[in-house]
Amino acid sequence: MTEHHIKLAEDSLEKQTTTINVGPTHPATHGVFQNIMEIDGERVLSTVPTIGYIHRAFEKIAERRPYYQITPLTDRLNYCSAPINNIGWHLTIEKLVGMDIPKRVQYLRVIIMELARIADHLVCNSVVAVDTGALTPFTYVFQWREKIYEIYEEICGSRLTTNIGRIGGFERNFTDVAWQKIDAFVDGFPKMLKEFETLLDRNRIFMDRCIGAGPISAERALNYSFTGPNLRAAGVDYDVRIHAPYSSYEEFEFNIPVGTTGDVYDRYLVRNKEMWESLSIVKQALEKLKGLDPTIFHADAPDFYLPEKAAVYTKMEALIYHFKIIMGETDLPAGEVYHSVEGANGELGYYLISDGGRSPYRLHFRRPCFIYYQAFPEMVSGGLLSDAIIALSSLNVIAGELDA
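In this convention, every chain numbers its residues from 1, walking through the sequence in written order. Residues qualify for local features only when their pLDDT is at least 70, as the model is predicted, and side-chain atom pairs are given and counted only at 80 or more; totals for whole chains, interfaces and linings, by contrast, use all residues. Side-chain metrics in this entry use all non-hydrogen atoms of the structure; hydrogen atoms and water are not considered.

### Some thoughts on the packing of helix 5 (residues 103–131) against helix 17 (residues 385–395)
Working step 1: In this analysis an axis means a line fitted to C-alpha atoms, helices contributing only their contacting stretch, and an angle means the value between N-to-C directions, from 0 to 180 degrees. Note on conventions: DSSP H or I runs of at least 4 residues are helices, E runs of at least 2 residues are strands, and numbering of each starts at the N terminus. For the pair helix 5 and helix 17, interaxial distance at closest approach is 8 Å and the crossing angle is 170°. As far as their axial angle goes, helix 17 and helix 5 are roughly antiparallel. Side by side, helix 5 and helix 17 meet where C124, V127, V128 and D131 of the first sit next to I389, I390, S393 and S394 of the second.
Working step 2: Note that Gly is not counted as nonpolar here; it falls among the polar residues with everything else outside the nonpolar set of Ala, Val, Leu, Ile, Met, Phe, Trp, Tyr, Cys and Pro and the charged set of Asp, Glu, Lys and Arg. Among the residues forming the contact of helix 5 with helix 17, the class breakdown is five nonpolar, two polar and one charged. Any angle from 65 to 115 degrees is called roughly perpendicular, while one under 35 is roughly parallel, one over 145 is roughly antiparallel, and all others are oblique. Working rule for contacts: check all heavy atoms of both residues, and any pair within 4.5 Å makes them a contact.

Structural data, given as structure tokens:
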């Protein structure tokens, strides 16, 4: 053995800390990403995150696809609330071309996006409960996420990666069964959510595990460009639906829940309160739909919206439009546009540069998970290893959105 090897062995024996690997296929990470942690006993000293294990080059793939074929790519960002991704992309294209969207379509979109927000928050908060040792709330609330998926399925035929809607509106009108399922959800969800809060909000074990774990101040959150529930939990009341409204959100009355400490418990509480607000928005949208033409479910935009199959089979004009859209023959105007929506995890933005062709010249997804995951090492430094796990859960880091 050389002197160099002897020195390494001595250093190893004298080392007072331990290096551990959490991820990329560890169940505690809730996704395919890695954290190399230096710990002293149970205390986290430093963390080095690593991403890139599932990088799929969606932004570059999009530059070779017609605009309507990019929607399925957006599904695979935050797949816990895919309809928000889909509709955000459609709104970006509509902004570029200056498309006029009927009010009924805007309200239908609001209903779908708020249901998606509820589904996403159910996943996040129930998984935080699992990571503190409480399995019952998780298994209980998932039946209600299932009910939301059944609504998706009735509207578009899909559940997780929905590809819901089209540029200009929806692929088909909502069926009577879809409305029945929406009404049943609105009626039954409040009782379940109240029971979920009763199980956890004042649960002493849950509170002891969450309060003070993984905190971040409002100043640091803003420095990291946090948005969404994680920013609001730190005390900043920024919400894209209020500050840059889209799809007629300016017509709705709702509160912006905020916390104070930015810890796991505040993030949990903010998401719970947001589910109540989303339910209220859905109820308001249902009221606003009354009196509107029930047959309208898309804009009058033949260059971008596929005509009905019956018309394609019998009318030459419809056949031509169908062919042009399917084959990607429609050029979009040249221009540069950014549009964002309030995703379940924060500001989800699409920065699009068009050179007047059939595909984007450049496209960038502003993925909230990618932004705030950078703060994770700072948030868990000095805390316990078990706190780091629930901090990661409460941030709701979705691997598909983190690593597009």
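### Here we look at the packing of helix 6 (residues 136–156) against helix 7 (residues 176–200)
Working step 1: Two elements in contact, helix 6 and helix 7, have axes whose closest approach is 10 Å; the angle formed by their N-to-C orientations is 165°. Considered as vectors, helix 6 and helix 7 are oriented roughly antiparallel to each other. Both helix 6 and helix 7 take part in a crossing whose hand is left-handed. Residues P137, Y140, V141, W144, K147, I148, E150, I151, E154 and I155 of helix 6 form the contact with helix 7, whose participating residues are V177, A178, K181, I182, F185, G188, F189, M192, E195, F196, L199 and L200. Here a crossing is taken to be left-handed if its near helix is turned anticlockwise relative to the far helix by less than a right angle, and right-handed if that turn runs clockwise.

### Considerations on the packing of aromatic side chains
Working step 1: Centre distance within 6.5 Å is the pairing criterion for rings of Phe, Tyr and Trp, where only the six-membered ring of Trp is used; planes under 30 degrees apart are then read as stacked, over 60 as edge-to-face, and the remainder as tilted. The full count for this structure, using the stated rule, is 22 aromatic pairs.
Working step 2: Ring plane angle 65° and centroid distance 5.3 Å describe the contact between F33 and Y373, whose orientation is recorded as edge-to-face. In this pair, F33 sits in the loop between strand 1 (18–22) and strand 2 (34–40) while Y373 sits in the loop between helix 15 (368–372) and helix 16 (376–380), placing the two residues 340 residues apart along the sequence.
Working step 3: Ring centres of F170 and F174 lie 5.2 Å apart, and the angle between their planes is 80°; this geometry places the pair in the edge-to-face category. Across the pair, exposure class does not vary: F170 and F174 are buried alike.
Working step 4: Three or more aromatic residues joined by ring pairs form one cluster here, namely Y107, Y246, Y249, F252 and F254.
Working step 5: Definition used: whenever NZ (Lys) or CZ (Arg) falls within 6 Å of the ring centre and also within 35 degrees of the ring normal, the charge is taken to sit over that ring. Lying over the aromatic face of Y249, R241 brings its terminal NZ or CZ to 5.9 Å of the ring centre.
Working step 6: Positioned above the aromatic ring of F252, the side-chain terminus of K288 is 5.2 Å from the ring centre. Using a 1.4 Å probe on the protein chains alone, a residue whose accessible area is under 20% of its type maximum counts as buried, one over 50% counts as exposed, and one in between counts as partly exposed.

### What about the sheet that holds strand 6 (residues 362–366)?
Working step 1: The pairing criterion is simple: DSSP has to find at least two bridges between the two strands. Pairing within the open sheet is antiparallel, and its three strands lie in the order 4-5-6. Whereas interior strands pair on both sides, the edge strands pair on one side only; in this sheet they are strand 4 (335–343) and strand 6. Averaged over all adjacent pairs, the angle separating strand axes in this sheet is 10°, with direction ignored.
Working step 2: Bridge analysis of strand 4 against strand 5 (residues 346–354) gives nine bridges, and the strand direction is antiparallel. In the strand pairing of strand 5, H339 is matched with Y350.
Working step 3: Most of the contacts of helix 4 (residues 82–97) go to strand 4, to which it runs at about 150°, and overall it touches strand 4, strand 5 and strand 6.

### Overview of the side chain of H90
Working step 1: Relative to the assigned elements, H90 resides in helix 4.
Working step 2: Owing to a relative accessible area of 1%, H90 belongs among the buried residues under this scheme.
Working step 3: Side-chain polar atoms of H90 contact the side chain of T71, separated by 3.1 Å.
Working step 4: The contact partners of H90, leaving out residues within four places of it in the chain, are T71, R109, I164, G165, R166 and I167. The definition of a polar contact used here is a pair of N or O atoms within 3.5 Å, where within protein one atom must be able to donate a hydrogen and the other to accept one, and adjacent residues in sequence count solely through side-chain atom pairs.

### Considerations on helix 14 (residues 316–326)
Working step 1: Inspection of helix 14 places A318, H322 and I325 among the buried residues, and these make up the whole buried set. The buried residues of helix 14 occupy an angular sector of 70° when projected down its axis, which confines them to one face. Counted as exposed and oriented over 90 degrees from the buried face of helix 14: M316 and E317.
Working step 2: Buried-residue contacts for helix 14 involve helix 13 (309–314).
Working step 3: Just past helix 14, the residue G328 takes up positive phi, approximately 70°. Comment: arc refers to directions from the helix axis out to C-beta atoms.

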